[in-house]
Amino acid sequence: KKNLIIKIDKNGFLEFEDKVLTSDLLLKELTQKLISNKSTIVEIHADKNIEFGSFGNIIELARQAGAEEFIFATEDPQ
């Protein structure tokens, strides 16, 4: 099974499945993906310079969508 990947860039923009989304749209799309398989792992890749609160907000949003397992990674600015 394929992990779902959310990317957060240094400006706090969210990317999911090659689309830049608002938090509301991300919640909707994640929920649709997780309905069929709640055991899918959600990977959160974030720029290492984002505020911790932004990271926490995305974790909470993913939990609301039904995510139960996470992998976290920080990325150096490019």
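Residues numbered from 1 in each chain as written. Predicted model: local features only at pLDDT ≥ 70, side-chain atom pairs only at ≥ 80, totals over all residues. Heavy atoms only, no water.

Colleague: Quick rundown of the overall build of the protein? Include the residues and the values.
Modeller: The number of helices and strands found in the protein is 2 helices and 5 strands. Starting at the N terminus, the α and β elements of the protein follow one another as β-β-β-α-β-α-β. The C-alpha atoms of the protein give 12 Å as radius of gyration, which agrees with the globular expectation for 78 residues (12 Å, within 12%). The proportion of buried residues among the 78 residues of the protein is 36%. Only carbon and sulfur atoms are counted for the fraction: they give 49% of the accessible area of the protein, which is about 5,100 Å². Considering the protein, the positive charge centre built from 10 side chains and the negative charge centre built from 14 side chains are found 4 Å apart. (Helix = DSSP H or I, 4+ residues; strand = E, 2+ residues; numbered from the N terminus. Rg over C-alpha atoms; globule rule 2.2 N^0.38 Å. Buried < 20%, exposed > 50% of the residue type's maximum accessible area, 1.4 Å probe, protein only. Areas by Shrake-Rupley, 256 points an atom, 1.4 Å probe, with all protein chains shown as cover. Lys, Arg positive; Asp, Glu negative; His and termini not counted. Charge placed at Lys NZ, Arg CZ, Asp CG, Glu CD.)

Colleague: Talk me through the pattern of salt bridges; I want residue IDs and the actual numbers.
Modeller: Summed over all chains, the structure comprises 2 salt bridges. For Lys33, the salt bridge is made with Glu17, and the minimal N-O distance between the two is 3.3 Å. With Lys33 in helix α1 (residues 23-35) and Glu17 in the loop between β2 (14-16) and β3 (19-21), this residue pair connects regions lying 16 residues apart in the sequence. Under the relative-accessibility criterion, Lys33 is labelled partly exposed at 36%. Its relative accessible area of 38% is what places Glu17 among the partly exposed residues. (Salt bridge = Lys/Arg side-chain N within 4 Å of Asp/Glu carboxyl O.)

Colleague: Quick one: what's the story with the side chain of Thr40, residue by residue and with numbers?
Modeller: Its place among the elements puts Thr40 in the loop between α1 and β4 (41-47). By relative accessible area, which is 7% here, Thr40 ends up buried. Separated by 3.0 Å, the side chain of Thr40 and the backbone oxygen of Asn37 make a polar contact. (Polar contact = N/O pair within 3.5 Å; in protein donor to acceptor, adjacent residues only side chain to side chain.)

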